[in-house]
Amino acid sequence: MNVLVCISKVPDTTSKIQFTDGNSKFDENGVTWIMNPTDEWYALVRGVEIKEAAGGKVTVINVGDSSNDQIIRKALAIGADAAVRIDANPTDAYFVAGQIAEYAKDKNFDIIITGKETIDYNSGVVASMIAEFLDLPHVSVAEKLELNGNSATITREIEGGSEEVSLETPFVLGANKGLAEQRIPNMRGIMMARKKPIDVIPAYDSVNALTATVQYEPPKPREAVKLVGSAQELVDLLHNEAKAI
Amino acid sequence: MSVLVYIELDGGKIKKSSMEATAYAAAYAKSAGSSVTALALGLADSAELASLGEYGASKVLHLNNAQLDKFDAQVVTKLIADAVAAEGASVVVMSHNYAGKHISGRLSARINAGMVAGANGLPDTTNGFVVKKGCFSGKGFGYFNITSDKKILSIAPNSFTVEKVGGTASVEAFSAEVPANKITVNKQDKMEGGIPLTEAELVVSAGRGLKGPENWGMVEDMAGILGAATACSRPVSDIGWRPHHEHVGQTGIAIAPNLYIAIGISGAIQHLAGVNQSKTIVVINKDPEAPFFKAADYGIVGDAFEVIPQLNEALKNHKANN
């Protein structure tokens, strides 16, 4: 199996999110960057498992500048064989998906995997965009994948439950919890990752972003919690003040 | 230049999320001096579809084809693109639910339309086409200008107040070539009855503080009294006390109900990421230091096993009198 795993760099889950320049920019000061959790824990590890079971190769791809090499090295340490970085600012989902699709279109990947969504922009649409650009089927918010030759059975989340579907490779997968178990890179993996090259390529001119960031806004601060002494008092407040019931 | 809204059907019935999308499309169309055409794919009767007029659709295009009751995003995307071309639509609206997440991105790539996924509020067209959405897992909002001619908005569930404007939509047969599905749906495992979490306006959620799955009866009672959905924290779904589809948080489902009641959940940052856009948050926890209290509007410090039965009683009385 020839597997492509798409990884993104995001602020760590516990980062304080702040904006600067009159709320026009994300404030990178003091932010710890990580590989997007669902990309790392589920998409990448499931990709590596596929290779371990069926042979083949796992390539990771990222759109971003050289500061992303740190998360790419981690992906190589977890078990990816090769890495590609498209050297461009990941402006919007359409741009990122379009760049990845341009790279992938003549490489005969059997399975392309992304995380279900990034924890910074929370759109969850890159997998579906790559699939459409490449005219492939895709299944997202996948929590289970079984492969039998080129046939796949996938369980995905739907409203209030799950759905089991089957399809043939090649396809695109959006990975969620359940698909694999997180792996911590070991020393051997880290050492080997140092020897694996990161292929840096320029952006494809044929794909441009279709949206522009205008500004950001912090959420309205919640007022301090009102602690109440009785259930009746709570019901009254929910009805009269919050108008929630 | 109509606004096209994608209607999701479930057993021939219009999903609530699609009514919300229709009302949103109608509000935008009104401001733009345009009208709303709805596209429904799959088996449904005309009376059901005509009811979209109540939410502001003037016309419904219907492709009455049983194949489309089995969801394949690639097929649906092709048909929406056909409808966009047939109607000369410039803006496409749908819900940002599971189906919307599958289709909206594909459609964006197919017709080269910029999109905002999980839109929160109507577009501001005074200077471009600027749409607000939640970012950074509930820790901020962003305003994005869609610069392409065609635009796609998938709207965050429960973010738009649905108002019935009255009226009946005309229902027209829509004809288009339907390609074969590449995805076969083998089976569905869905909750029986109750309200799916993703569509709920009120949510009652519980965590490890309940000590065991056998104690969820009082949580389900509360949900029943309120007409709420039930949810849970990650540890509770990981150890199998509750089904996975109830797990809210970073790796579960992100929700934004009008009311979120959290019982016996400490409020880890990964859990907050899934619920911090709820309009009102109530926390019930016996530990006054639980971090969740900092993110709550109302709180009761107390043992769930004492507080919940009292609260259920008070809610029951409230419902009986209101």
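Residues numbered from 1 in each chain as written. Chains lettered and ligands numbered in written order. Predicted model: local features only at pLDDT ≥ 70, side-chain atom pairs only at ≥ 80, totals over all residues. Heavy atoms only, no water.

When helices and strands are counted, chain A shows 6 helices and 15 strands. Split into buried and exposed, the 245 residues of chain A put 55% on the buried side. Considering only contacts in chain A between residues 6 or more positions apart, those separated by 24 or more positions represent 70%. Looking at chain A, you have 24 positive and 35 negative side-chain charges, and the mean spots of the two groups are 6 Å apart. (Helix = DSSP H or I, 4+ residues; strand = E, 2+ residues; numbered from the N terminus. Buried < 20%, exposed > 50% of the residue type's maximum accessible area, 1.4 Å probe, protein only. Contact = heavy atoms within 4.5 Å. Lys, Arg positive; Asp, Glu negative; His and termini not counted. Charge placed at Lys NZ, Arg CZ, Asp CG, Glu CD.)

A few words now on the overall build of chain B. Scanning chain B from terminus to terminus reveals 8 helices and 17 strands. Burial status across chain B gives 60% buried among its 322 residues. Long-range pairs, those at least 24 residues apart, make up 64% of the contacts in chain B with a sequence separation of at least 6. Working note: accessible area of chain B is about 12,100 Å², and carbon and sulfur atoms make up 49% of it. Both charge centroids of chain B, one from 28 positive and one from 30 negative side chains, sit 5 Å from each other. (Areas by Shrake-Rupley, 256 points an atom, 1.4 Å probe, with all protein chains shown as cover.)

Quick look at the sheet that holds strand E14 (residues 229-232) of chain B now. Read across the sheet, 6 strands follow the order E15(A)-E17(B)-E16(B)-E15(B)-E13(B)-E14(B) without closing on themselves; strand pairing throughout is parallel. Of all the strands in the sheet, just strand E15 (226-227) of chain A together with E14 of chain B have a single pairing partner and so form its edges. Strand direction decides the pairing type here: strand E13 (residues 202-206) of chain B and E14(B), joined by 4 bridges, are parallel. Paired with Ala206(B) across the two strands is Cys232(B), which belongs to E14(B). Against the sheet, helix H6 (residues 231-240) of chain A engages strand E15 (259-263), strand E16 (280-285) and strand E17 (298-301) of chain B, with an angle of about 175 degrees to E17(B). (Pairing = 2+ DSSP bridges. Axes fitted to C-alpha atoms, helices over the stretch in contact; angles between N-to-C directions.)

A few words now on the domain arrangement of chain B. By a widespread convention, an interface's size corresponds to the accessible area lost as its parts come together. Residues and elements named next belong to chain B. Looking at chain B, the domain boundaries give domain 1 (3-173) and domain 2 (197-321). Between the C-alpha centres of domain 1 and domain 2 the distance comes to 31 Å. Considering only the surface of domain 1 that becomes buried against domain 2, Lys16, Ser137 and Asn158 emerge as the three largest contributors, covering 49% of it. Our count for the contact surface shared by domain 1 and domain 2 stands at 1 salt bridge. Our enumeration of links across domain 1 and domain 2 arrives at 5 residue pairs in polar contact (both at pLDDT 80 or more). Residues that form the side of domain 1 that touches domain 2 fall into these classes: 3 nonpolar, 6 polar and 3 charged. (Domains from an automatic or database assignment. Buried area = accessible area lost by both parts, 1.4 Å probe. Salt bridge = Lys/Arg side-chain N within 4 Å of Asp/Glu carboxyl O. Polar contact = N/O pair within 3.5 Å; in protein donor to acceptor, adjacent residues only side chain to side chain. Nonpolar A, V, L, I, M, F, W, Y, C, P; charged D, E, K, R; others polar.)

Here we come to the interface of chain B and chain A. Facing 90 residues of chain B, the contacting portion of chain A comprises 78 residues. Together chain B and chain A conceal approximately 7,000 Å² of surface at their shared face, both sides included; 56% is due to carbon and sulfur atoms. Looking only at chain B, the three residues that lose the most surface to chain A are Tyr98(B), Phe136(B) and Tyr298(B), adding up to 12% of its buried area. As a salt-bridge pair, Arg110(B) and Glu132(A) come within 3.0 Å of each other at their nearest N and O atoms. For the interface between chain B and chain A, the tally reads 51 residue pairs in polar contact (both at pLDDT 80 or more).

Let's shift gears to the environment of Asn108(A). Residues and elements named next belong to chain A. Take Asn108: it is sitting in the loop between helix H3 (93-104) and strand E8 (111-115). Taking relative accessible area as the criterion, Asn108 reaches 65% and is therefore assigned exposed. A C-alpha to C-alpha distance of 16 Å links Asn108 and Gly98, two positions 10 residues apart in sequence.

With 57 residues, the main nonpolar core has Ile112(A) and Ile80(B) as its most contacted residues. For Ile112(A), the residues in contact, after removing those within four places along its chain, are Leu4(A), Cys6(A), Ala104(A), Ile130(A), Leu134(A), Phe171(A), Val172(A) and Leu173(A). (Core = buried A, V, L, I, M, F, W, Y, C linked by side-chain atoms within 4.5 Å.)

Once that is clear, we can look at helix H5 (residues 217-226) of chain B. Residue and element names in this part refer to chain B. Within the span of H5, buried status applies to Met218, Val219, Met222, Ala223, Ile225 and Leu226. Angular distribution of buried residues about the axis of H5 spans 160 degrees; they occupy a single face of the element. One or two positions beyond H5, positive phi appears at Gly227, with a value near 70 degrees. (Arc of directions from axis to C-beta.)

For the rest of this paragraph, the subject is the side chain of His271(B). Here His271(B) is to be found in helix H7 (residues 269-275). Contacts of His271(B), omitting those with residues within four sequence positions, involve Ser205(B), Cys232(B), Ser233(B), Val248(B), Gly249(B), Tyr260(B), Ile265(B) and Phe292(B).

The next point concerns the packing of aromatic side chains. Taken as a whole, this structure holds 15 aromatic pairs over all chains when the rule is applied. An angle of 55 degrees between the planes, with centres 5.9 Å apart, marks the rings of Phe19(A) and Phe136(B) as tilted. With Phe19(A) in strand E3 (residues 19-20) and Phe136(B) in the loop between strand E8 (130-135) and strand E9 (140-146), the pair connects residues from two separate chains. Neither Phe19(A) nor Phe136(B) differs from the other in exposure class; each is buried. (Phe/Tyr/Trp six-rings, centres within 6.5 Å; stacked < 30°, edge-to-face > 60°.)

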